[in-house]
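# Examining the three-dimensional arrangement
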Amino acid sequence: MAHDLLSSLDSFVSVASFSLLVRDVAGACRPAEADEVLAAAQRVLAGRVRGSDVLNSPAVVRDFLRARLGALPHEIFAVVHLDAQHRVIDYVEMFRGTVTQTSVYPREVVKDALRLNSSTLLLVHCHPSGCVEPSRADEHLTQMLKQAAALVDVQVLDHLIVAGADVLSFAERGLL
């Protein structure tokens, strides 16, 4: 029986040509496009991140951020909102910029934190240049957001920069 199962799986793999299949509206199966596979992967990672214990699973958060921001051709500034037990409430892409910069407004970050009843925030942005090192502007923005959030009793836990497959943590670098 096991041999029959393996041989039938082997034949399926060769027929499918290592493609993932999706079912269209009519119910027919077809090979998935690359964008559909990436979108599905992002949904799976988002599901793992939402409601998870971030402190016990930083690898899942990093994987999610790499998949979400690592290949973008422009900067995105996002916030991961956490509850008092550091479980993910939501991931919100707040600001979109150019290849080298984006404008971030502390008032909007704080307003969103209050709307979602966040206790803690993870600040995130990407560097399309591929250089994960923070700029002076990144460091200044982090301190400004940390101070603004503290005024309403919200803690900034970390600021992460995503550059391709690399993710830099301000907290790990002692920049927070």
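Refer to the structure above for everything that follows.
Let us look at the structure shown here. (Residues numbered from 1 in each chain as written. Predicted model: local features only at pLDDT ≥ 70, side-chain atom pairs only at ≥ 80, totals over all residues. Heavy atoms only, no water.)

On to the nonpolar core. Proteins that are soluble and globular tend to have nonpolar side chains buried together. Core analysis: the largest hydrophobic core is formed by 16 residues, its most contacted members being Leu 65, Leu 69, Val 80, Tyr 91, Val 124 and Val 162. Of all elements in the fold, only helix 3 (58–69), strand 3 (76–82), strand 4 (88–96), strand 5 (120–126) and strand 6 (155–163) reach the threshold of two or more residues within this core. When neighbours within four sequence positions are excluded, Val 162 is seen to be in contact with Leu 65, Arg 66, Leu 69, Gly 70, Val 124, His 125, Cys 126, His 127 and Val 167. Counting residues in each nonpolar core, the second largest holds 13 residues, with Val 109, Leu 141, Leu 145 and Ala 149 among its members. (Core = buried A, V, L, I, M, F, W, Y, C linked by side-chain atoms within 4.5 Å. Buried < 20%, exposed > 50% of the residue type's maximum accessible area, 1.4 Å probe, protein only. Helix = DSSP H or I, 4+ residues; strand = E, 2+ residues; numbered from the N terminus. Contact = heavy atoms within 4.5 Å.)

Right, let's talk about the side chain of Asp 138 for a bit. One can find Asp 138 in helix 5 (residues 136–150). For the buried Asp 138, which has no salt bridge, the nearest side chain bearing the opposite charge is Arg 173, at an N-O separation of 10 Å. Within polar-contact distance, the side chain of Asp 138 engages the side chain of His 127 at 3.1 Å. With sequence-adjacent residues up to four places away left out, Asp 138 is seen in contact with His 125, His 127, His 159, Ile 161 and Phe 170. (Lys, Arg positive; Asp, Glu negative; His and termini not counted. Salt bridge = Lys/Arg side-chain N within 4 Å of Asp/Glu carboxyl O. Polar contact = N/O pair within 3.5 Å; in protein donor to acceptor, adjacent residues only side chain to side chain.)

As a further point, take the packing of aromatic side chains. Each aromatic ring pair is specified by the distance between its two centres and by the angle formed by the two planes. Enumeration according to the criterion identifies 3 aromatic pairs in this entry. Judged by centre distance (6.2 Å) and plane angle (45 degrees), the ring pair of Phe 77 and Phe 95 falls under tilted. Taken together, the residues span a long stretch of sequence, with Phe 77 in strand 3 and Phe 95 in strand 4 at a distance of 18 residues. By relative accessible area, which is 0% here, Phe 77 ends up buried. A relative accessible area of 12% places Phe 95 in the buried class. Ring plane angle 65 degrees and centroid distance 5.7 Å describe the contact between Phe 95 and Tyr 105, whose orientation is recorded as edge-to-face. Highlighted residues: Phe 95 in strand 4 and Tyr 105 in the loop between strand 4 and helix 4 (106–115), separated in sequence by 10 residues. Residue classification places Tyr 105 among the partly exposed residues on the basis of a relative accessible area of 48%. (Phe/Tyr/Trp six-rings, centres within 6.5 Å; stacked < 30°, edge-to-face > 60°.)

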